[in-house]
Amino acid sequence: MPDDLLFQELTKLKEQIHFHNYRYHVLDAPIISDAEYDKMTIRLREIEAQHPEWVTPDSPTRRMMGQVADKFTKVQHPGAILSLANAFNVEDVRAWYERILKLDSRVAASGFVLEPKIDGLSVVLHYRDGLFSLGATRGDGEIGEDITANLRTVKAIPLRIPVGGESGTAPAYLAVRGEAFINIKDFETLNQRLEEAGEKTYLNPRNTAAGSLRQLDPAITARRPLTLLVYQVVSIEGATSPATQWELLATLRKLGFPVTPDAELYPDLESMLKACERWLQDRDRFPFEVDGVVIKLNDLRLAEELGVVGKDPRGAIALKFPAREVTTKLLNIGVNVGRTGVLTPYAMLEPVEVGGVVVKQATLHNFDYIAEKDIRIGDRVLLKRAGDVIPYVIGPVVDARSGSETSFTPPKTCPACGQEVEHYEGEVAWYCVNAACPAQLIRNLEHFVSRGAMDIVGMGIKIVEQLVEAGLLHDVADLYQLKMEDLLKLEGFAGKKAENLLDAIDASRTRPLARLITALGIRGVGEVMAADLAVAYQDMDHLGKATPLELQMMDGVGPNIAMAIVDWFSRPANQTILQKLKQSGVWPVKPAPASAAEGKLSGLTFVVTGTLPDFSRDGIKEWIQARGGKVTDSVSKNTSYLVAGESAGSKLDRARALGIPILDQAGLLALAGEQDA
Ligand code: IVH
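Counting of residues starts from 1 at the beginning of each chain's written sequence and follows it residue by residue. Local features in this predicted model are restricted to residues of pLDDT 70 or higher, and side-chain atom pairs are both shown and tallied only at a pLDDT of 80 or more, whereas totals for entire chains, interfaces and linings draw on every residue. To get the side-chain values, take all heavy atoms of the structure and skip hydrogens and water.

**A look at the overall build of the chain**
- Secondary structure elements are taken from DSSP: a helix is a run of H or I of four residues or more, a strand is a run of E of two residues or more, and numbering for both begins at the N terminus. Scanning the chain from terminus to terminus reveals 26 helices and 24 strands.
- Considering only C-alpha atoms, the chain reaches an extent of 90 × 65 × 50 Å along its principal axes.
- Two residues qualify as a contact provided that any one of their heavy atoms is within 4.5 Å of a heavy atom in the partner residue. Partitioning the contacts of the chain with sequence separation of at least 6, the portion at a separation of at least 24 is 66%.
- Taken as a whole, the chain presents about 33,300 Å² of accessible surface, with 52% of it coming from carbon and sulfur.
- Under the counting rule used here, the positive set is Lys and Arg, the negative set is Asp and Glu, and His together with the chain ends is not counted. For charged residues, the charge sits on one atom: NZ in Lys, CZ in Arg, CG in Asp, CD in Glu. Charge separation in the chain, taken as the distance between the mean sites of 75 positive and 90 negative side-chain charges, equals 2 Å. The method behind every accessible area is Shrake-Rupley, applied with a 1.4 Å probe, and residues are considered shielded solely by the protein chains displayed.

Pasting the structure below:
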């Protein structure tokens, strides 16, 4: 890039970072996510590294903090309230280690403490003769704001130390630093209450915590479910501060401060890095939002001697998790038609990376959601993608509006077939009730051929769409009438491809009853329920004759599911499908009653987590079910065994907490009498 363009980019970045700093630190109203902010800063640092002669004293990289808002009294901190440098992967952490090891060889023997990096707000708490005397925000790191009255309302903060019953003595003066935040569950409850009261809901726990602490009226703060964890001694008089971070956490705990129970101590780099990998995998185990893991040298004297770079201490680093919340532009709103005809709006977004993948679309749930959140086309929106959750739009960043945004009007007709849409009393959803709607047919077929259903290998959405468009499929049963000559006429279907597809369809004819029940997509009937139904009924004819009352006698079947099953069989279009399937020989019957050997797992309920050496997720399910066992998704007190493979996550913790016995693959085989443990 030519120098003048690069210089322009630098000037623009500096301006933007200053602006977003001000929004974040002074106004508590950021309009971009931390990840986007980090990205700008990294780019600015990059350019400045290439051209050191361009670095000016007012560059945000020389300062990296905001100004102090003036609605509260200013407080000088007793020591610098530092920030942390970021690492984005394990290699960055290794590089950090090499850097500081070069500066001081004692780094090799220091050991490390890992702590959750809580996505909250840094606060400093002062105690004189054991009494909570002052509480301040971080501010610019040197001067914060006096929010004592607000912090006093936070129940996690001890008003006197040591807290009754705890041992240890309070030093004459102590200033500690911690993170104030709101637990995810409490945040959800708060939003639910606000929604019920018809009030505006909050976007995320962090912004709510920040807003709550900077209320001028402490009574409002008191109603917010704020909490806190402490992790640092900023200043101490009348006692010496512990020599290691590990002891420091213990001392603070002893004095009665809330301290994370999740800190871990590692003797060397390799064991610490291994643990970091685990933290990256298992970030959901915390009850609060965690945006990374903080790695601290355990030797605090050494850390102190290593000094700081700008505002970042050399002795610690934050390994950031991929961001799960980012903001991006809502370009347009599209509408999908689902398997049951439900119209679902989705956001078309300016592509953005979130949770480690690039997202272009996200769900908007339903039309009421768009109206309630007042989401407009052209808005900057906050987007979330967490774990297995489908990306969704949390809401608009109202402050970022330019005035050119436009409201969205839900369609009156189905976007796929043009038929007028309908709405049922008491439901939020709008439906296309046209049984011949091509969009519904495509969704139905997609589900029918999927892995957990009839598992027609190689039949993806593209082929489904192509066959529907060519008029070869009018319902799922038509799959079994497909002929070679029909397929060969289609674009891209050379001999082998058509043959493979017909073979895959053929192979699916003999799938067991449970899979066919799953594949037909009856509302509320998933894989687990289908497996239960397949045990209780001999074939589709028998299931079709079941009464709602009879169905409700089964475990897990309530009135809604019972009605959905009966309703499905009462529809003529579905009866036609069943007849066609029967004529094509796709008519599984319940397997013969399990012999003693096969029924070894009867009456037992299993949950499977992690990766097993010799089974896929579906494979192990079928294996257990074939031996009479039941497989469910979540661990409860009714779980007989948890089967845990490699990198098992939170289910393993939950099973341990509930005292559920845990088996590995060999243990499971032994239980079924098929192999020694
Ligand atoms: S230590 C010198 N420990 O992360 C000490 N910070 O990105 C520097 N944070 O400003 C901070 N959890 O607000 C530390 N366990 C933890 C933390 C933590 C969250 C925040 C803190 C800091 C920011 C840096």
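Let's pick the thread back up.
**Section: the site of the ligand**
- The environment of the ligand is formed by 15 residues, the closest being Glu115, Lys117, Arg177, Glu179 and Lys296.
- Throughout this description, a polar contact denotes any pair of N or O atoms lying within 3.5 Å of each other; where both atoms belong to protein, one of them has to be capable of donating a hydrogen while the other can accept it, and for residues adjacent in sequence the pair is counted only when both atoms sit in side chains. The separation between a nitrogen atom of the ligand and a polar main-chain atom of Pro116 is 3.3 Å.
- Ile118 places a main-chain nitrogen or oxygen 3.1 Å from a nitrogen atom of the ligand.
- Protein coverage of the free-state accessible area of the ligand, which is 530 Å², stands at 88%.
- Taken together, the elements giving at least two residues each to the shell around the ligand come down to strand S3 (112-118), strand S7 (173-182), strand S8 (226-237) and strand S10 (290-297).
- Ten residue types, Ala, Val, Leu, Ile, Met, Phe, Trp, Tyr, Cys and Pro, are classed as nonpolar, four, Asp, Glu, Lys and Arg, as charged, and the remainder, Gly among them, as polar. Split into classes, the residues belonging to the shell around the ligand amount to seven nonpolar, three polar and five charged. The near set for a molecule or strand comprises every residue that places at least one heavy atom within 4 Å of it.

**Focus on the sheet that holds strand S13 (residues 316-320)**
- Reading across the sheet, the five strands line up as S2-S13-S10-S3-S9 and stay open at both edges, with mixed pairing between neighbours. Since the sheet does not close on itself, it has two edges, and those belong to strand S2 (86-87) and strand S9 (264-266), each with one partner.
- Here three bridges tie S3 to S9, and the two strands are oriented antiparallel to one another. Paired with Leu114 across the bridge in S9 is Glu264.
- Every angle, taken between N-to-C directions, lies between 0 and 180 degrees, and every axis is a line fitted to C-alpha atoms, over only the stretch in contact when it is a helix. Across the face of the sheet, helix H11 (residues 269-281) comes into contact with S3, S9, S10 and S13 while running at roughly 20 degrees to S3. Strands qualify as paired when DSSP identifies two bridges or more between them.

**Considering the packing of helix H14 (residues 438-449) against helix H15 (residues 461-469)**
- Packing of H14 against H15 leaves a shortest axis separation of 10 Å and a crossing angle of 135 degrees. One element, H14, and the other, H15, form an angle in the oblique class. For H14 against H15, the interelement crossing comes out right-handed. In this structure, H14 contributes Leu441, Ile442, Arg443, Leu445 and Glu446 to the contact, and H15 contributes Ile461, Val464, Glu465 and Val468. Each angle is binned into one of four classes, with values under 35 degrees roughly parallel, values over 145 roughly antiparallel, values of 65 to 115 roughly perpendicular, and all other values oblique. Throughout, a crossing is termed right-handed when the near helix is turned clockwise from the far one, and left-handed when it is turned anticlockwise from it by less than a right angle.

**Overview of the pairing of strand S17 (residues 380-384)**
- Exposed residues in this analysis have more than 50% of their type's maximum accessible area, buried residues have under 20%, and partly exposed residues fall in between, with area computed by a 1.4 Å probe over protein chains only. Of all five residues in S17, four are buried, a share of seventy percent or more.
- Bridge analysis of strand S14 (residues 325-337) against S17 gives five bridges, and the strand direction is antiparallel. Note that in S17 the partner of Lys329 across the bridge is Arg380.
- Here S17 runs beside strand S18 (residues 392-396); their pairing, made up of four bridges, is antiparallel. The partner of Val381 across the bridge, within S18, is Pro396.

**A few points about the packing of aromatic side chains**
- Ring geometry is summarised as follows: Phe, Tyr and Trp rings, the Trp one being its six-membered ring, pair when their centres sit within 6.5 Å, and such pairs are stacked at plane angles under 30 degrees, edge-to-face over 60 and tilted between the two. In this structure the tally under the stated criterion is twelve aromatic pairs.
- Aromatic side chains Trp96 and Phe112 sit 6.2 Å apart centroid to centroid with 55 degrees between the ring planes, which places their arrangement in the tilted category. In this pair, Trp96 is assigned in helix H4 (residues 90-103) and Phe112 in strand S3, connecting sequence segments 16 residues apart. For the pair Trp96 and Phe112, a shared accessibility class is recorded, and that class is buried.
- Considering the side-chain rings of Tyr97 and Phe112, the 6.0 Å spacing of their centres and the 55 degrees angle between planes classify their relative orientation as tilted. A residue pair is termed long-range when its members are at least 10 positions apart, and Tyr97 in helix H4 and Phe112 in strand S3 qualify at 15 residues. As far as the burial class goes, Tyr97 and Phe112 line up, both buried.

**Points about the environment of Val421**
- As for its position among the elements, Val421 is in the loop between S18 and strand S19 (422-423).
- Classification of Val421 as buried rests on a relative accessible area of 9%.
- Distance from Val421 to Gly341, taken between C-alpha atoms, is 9.3 Å for residues 80 residues apart in sequence.
- Excluding anything up to four places from it in sequence, Val421 contacts Leu343, Pro411, Lys412, Thr413, Cys414, Trp430 and Tyr431.

**Notes on the nonpolar core**
- We define the nonpolar core as a collection of buried residues of types Ala, Val, Leu, Ile, Met, Phe, Trp, Tyr and Cys that are connected through side-chain atoms lying within 4.5 Å of one another. The biggest cluster of nonpolar side chains holds 57 residues, and the ones touching the most others in it are Phe448, Met459, Leu479, Leu520 and Leu533.
- Elements with a contribution of two residues or more to this core: H14, H15, helix H17 (495-507), helix H18 (513-519), helix H19 (527-536), helix H20 (540-544), helix H22 (559-570) and helix H23 (572-583).
- Dropping the residues within four chain positions of it, Phe448 is found in contact with Ala453, Met454, Asp455, Val476, Leu479, Tyr480, Leu516, Ala519 and Leu520.

**What to know about a negative patch on the surface**
- Patch rule: a residue counts if its relative accessible area is over 30% and it has no salt bridge; like charges are joined within 9 Å, and nonpolar side chains (Val, Leu, Ile, Met, Phe, Trp, Tyr) within 5 Å. Whenever Lys or Arg places a side-chain nitrogen within 4 Å of a carboxyl oxygen from Asp or Glu, that contact is recorded as a salt bridge. A cluster of acidic residues, Glu195, Glu196, Asp368 and Glu372, forms a negative patch on the protein surface.
- For the negative patch, the secondary structure elements donating two or more residues are helix H7 (184-196) and helix H13 (367-373).
- We classify Glu372 as exposed; its relative accessible area is 57%.

**Points about H17**
- Expected helix span is given by 1.5 Å per residue-to-residue step, counting one fewer step than there are residues. Compared with the 18 Å implied by 1.5 Å per residue over 13 residues, the 18 Å span of H17 between its first and last C-alpha is a close match.
- Turning to H17, its buried residues are Ala498, Leu501, Leu502, Ala504 and Ile505. The buried residues of H17 occupy an angular sector of 160 degrees when projected down its axis, which confines them to one face.
- If you follow the buried residues of H17, they end up packed against H15 and helix H16 (484-488). Throughout, the arc means that of the directions going from the helix axis to the C-beta atoms.

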